Amino acid sequence: MAARRGDVTVTALSRVPGEPAPRPGVVHLGVGAFHRAHQAVYTDRAMAATGDPRWGIVEVAPRSADVVAALRRQDGLYTVLERSGGRVTANVVGSVAEAWHAPSDWAAVAARFADPAVTVVTLTITEKGYLADPVTGALLDDDAVRADVAAVAAGERPRTGLGLLVGGLRRRMAAGAGAVTVLSCDNLVGNGARLGALVGEFAARLPGALGPELTAWLAASARFPSAMVDRIVPASTPADRADALRLTGAADDAVVAAEPFTQWVIEDDFAGERPAWELAGAELVADVGPHETAKLRVLNAAHSMIAYLGALAGHETIAAAVADPPIRAAVAALHRDVLATIEAPPGWDLPSYAASVLERFANPALGHRCDQVAADGSQKLPVRVLPTILAARAAGRPSAAATLVVAAWLRFVLAGRSDDGRPLTVNDPARDALRGVLPSDVARVLRAAAVAPEELAADAAWVADVARYLDELARHGAAATAGELS
Ligand code: CS2
């Protein structure tokens, strides 16, 4: 309808269809929706602001070929829809230079790692892509890691995201292509330092002289700054494709829809040149730790709480769940616990930040599904929820709300059904480890899922609290249990 179309703006920043793609300057691992609505947009804006076309993104998909095929068909161009209330705007993003499917195109990917024009590697490979023990942070010693260590040693194609990174860095070292910055854009505590340590552990497992050689090269030539990334980007839906077609006139199989809000705070520790992301709204700071802590414990922890309680209470979306009074009250209780245990980043007011996060969650236009946020809880809770419990415990304070999140996650994974009996979509790498463990033996369950540090799993009083919440969730349902917290 013409009147509705008046509300719509379609903008293209660094280039329009028919114009050449930018030159490759960044390699990105993990072409998911979040990356396409976040770093790729900042890079597009940075190139538009400077007119410097050297920062095209070389997209690398570790597994799925679909988005790569779509981006190739579309000359790298795709649409980011911004949804807020009844309004939708469409931005055509032009920062993608190339797209490769690592399992089929490893030679091309390795060549880009070895290209001196590429000075930055970014990653969105999700928490589990780091192949680390979620509690200790150490590199796993499982079949996937061993296979990738062998592949990198033999100069063959690695399979995991982390393996692709180390394999690529090895090629760069061999080519003498110079210093590189590796920038994690995943929700981990100290994500850059963590990634640098994991790459170091991986290198140390390489046989012969290669391990020490790569270790020395990394120390001299690679930087791993940390970053806080933020934008709510639900999985794309057929409705997003229909809107992209309606608004831009082009079929788009790589479209993503996001909230208007976006934030990127980056530790200013680069080995060489980089896109002028600060001209696109990113903040470059000396220490990103307080920003990461605040975002993970205020936003992501509340997101997980809403996702588990919401899914159990029968809500499909985060917006519907956060509008449910007992769930909203439980989030307020969680935020009270969190705000008592963290420091505000410079210039931030934490209570206003917490309130703004709730407003963003309430955006009904996003349709962000509870089961999407609920996925991979065993990887997410150690990062976003457990630190609040540990900090409260160290200060001798209770942390009932954060403990309820752990119980709600367990109920979600173990029961796999909402309180009214409907099946839930449960995706969690710990699910297999939990089969055969008696749900009533909560200490064993927590150890089997490797979700809590030993000091908590061995704390009988805390384990009893989790067990009590688990029992209440089973007997009275999520809404009644959440209501108890207020
Ligand atoms: C969410 C995040 O799926 C999840 O676990 O909590 O993806 C969240 O939407 C982003 O971190 C927001 O920046």
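Residues numbered from 1 in each chain as written. Predicted model: local features only at pLDDT ≥ 70, side-chain atom pairs only at ≥ 80, totals over all residues. Heavy atoms only, no water.

A few points about the environment of V437
Link 1 in the chain: Here V437 is to be found in the loop between α19 (431-434) and α20 (442-448).
Link 2 in the chain: In sequence terms V437 and A448 are eleven residues apart; their C-alpha atoms lie 7.9 Å from each other.
Link 3 in the chain: Setting aside residues no more than four positions away along its own chain, V437 makes contact with R444, V445 and A448. (Helix = DSSP H or I, 4+ residues; strand = E, 2+ residues; numbered from the N terminus. Contact = heavy atoms within 4.5 Å.)

Thoughts on the side chain of R297
Link 1 in the chain: Relative to the assigned elements, R297 resides in helix α11 (residues 289-312).
Link 2 in the chain: Buried charge R297 goes without a salt bridge, the closest partner of opposite sign being E292 at 9.5 Å.
Link 3 in the chain: If sequence neighbours within four positions are ignored, R297 has contacts with V338, T341, I342, R384, P387, T388 and A391. (Buried < 20%, exposed > 50% of the residue type's maximum accessible area, 1.4 Å probe, protein only. Lys, Arg positive; Asp, Glu negative; His and termini not counted. Salt bridge = Lys/Arg side-chain N within 4 Å of Asp/Glu carboxyl O.)

Some remarks on helix α6 (residues 143-154)
Link 1 in the chain: With twelve residues, α6 should cover 16 Å at 1.5 Å per step; its first-to-last C-alpha distance of 16 Å lies within 8% of that length.
Link 2 in the chain: Taken residue by residue, α6 has V145, D148, V149, A151 and V152 as its buried positions. Along α6, the residues classed as buried sweep out an arc of 165° about the axis, all on the same side.
Link 3 in the chain: For α6, the elements touching its buried residues are α7 (161-175), α8 (191-204) and α9 (210-221).
Link 4 in the chain: Phi for G155, located one or two positions after α6, is positive at around 70°. (Expected span 1.5 Å × (residues − 1). Arc of directions from axis to C-beta.)

What to know about the sheet that holds strand β13 (residues 283-285)
Link 1 in the chain: Read from one edge of the open sheet, three strands run β10-β12-β13, paired in mixed fashion. Every other strand in the sheet has two partners, leaving β10 (227-230) and β13 as the edge strands with one partner each. In this sheet, adjacent strand axes meet at a mean angle of 15° when their direction is disregarded.
Link 2 in the chain: As judged from the four bridges shared by β10 and strand β12 (residues 263-267), these two strands associate in the antiparallel manner. When the bridges of β12 are listed, A227 appears paired with I266. (Pairing = 2+ DSSP bridges. Axes fitted to C-alpha atoms, helices over the stretch in contact; angles between N-to-C directions.)

Quick look at α9
Link 1 in the chain: The end-to-end C-alpha distance of α9, which contains twelve residues, comes to 16 Å, matching closely the 16 Å that a straight helix rising 1.5 Å per residue would cover.
Link 2 in the chain: Those residues of α9 lying buried are L210, G211, L214, W217, L218 and S221. Seen along its axis, α9 keeps its buried residues to an arc of 135°; they face one direction. Summarising the geometry of α9, the exposed residues directed more than 90 degrees from the buried face are P212, A219 and A220.
Link 3 in the chain: Each element contacted by the buried residues of α9 is listed here: α6, α7, β8 (180-184), α8 and β9 (222-223).

Comments concerning the pattern of salt bridges
Link 1 in the chain: Across all of its chains, the model carries 29 salt bridges by this definition.
Link 2 in the chain: As a salt-bridge pair, D141 and R146 come within 3.0 Å of each other at their nearest N and O atoms.
Link 3 in the chain: Assessed through its relative accessible area of 54%, D141 is described here as exposed.
Link 4 in the chain: By relative accessible area, which is 43% here, R146 ends up partly exposed.
Link 5 in the chain: Between R447 and E454 there is a salt bridge, with its nearest N and O atoms 2.7 Å apart.
Link 6 in the chain: Here the salt bridges share partners, and the residues they tie into one network are R83, D240, D243 and R246.

Observations regarding the domain arrangement of the protein
Link 1 in the chain: Domain annotation of the protein identifies domain 1 (2-285) and domain 2 (289-483).
Link 2 in the chain: The gap between the C-alpha centroids of domain 1 and domain 2 is 28 Å.
Link 3 in the chain: Counting residues at the interface gives 29 residues for domain 1 and 28 residues for domain 2.
Link 4 in the chain: Summed over both partners, the interface of domain 1 with domain 2 comes to about 2,300 Å²; 60% of that surface belongs to carbon and sulfur atoms.
Link 5 in the chain: It is E127, P134 and I232 that lose the most area in domain 1 upon contact with domain 2, and together they represent 23% of the buried surface on that side. (Domains from an automatic or database assignment. Buried area = accessible area lost by both parts, 1.4 Å probe.)

Concerning the sheet that holds β9
Link 1 in the chain: Taken in spatial order, the six strands line up as β6-β3-β2-β7-β8-β9 in an open sheet, and their pairing is parallel. In this open sheet, the two edge strands, each paired with only one partner strand, are β6 (96-101) and β9.
Link 2 in the chain: Inspection of the sheet shows strand β3 (residues 56-61) paired to β6 by five bridges, in the parallel sense. Bridge pairing in β6 links A61 to H101.

Looking at unusual backbone geometry
When glycine is set aside, most residues are seen to have a negative phi, and most peptide bonds are trans.
Link 1 in the chain: Not every positive phi belongs to a glycine, and T126 is a case in point at roughly 65°.
Link 2 in the chain: Within the secondary structure layout, T126 lies in the loop between β7 (120-123) and α6.
Link 3 in the chain: The backbone of L131 shows a phi angle near 55°, a positive value even though the residue is not glycine.
Link 4 in the chain: Within the secondary structure, L131 is located in the loop between β7 and α6.

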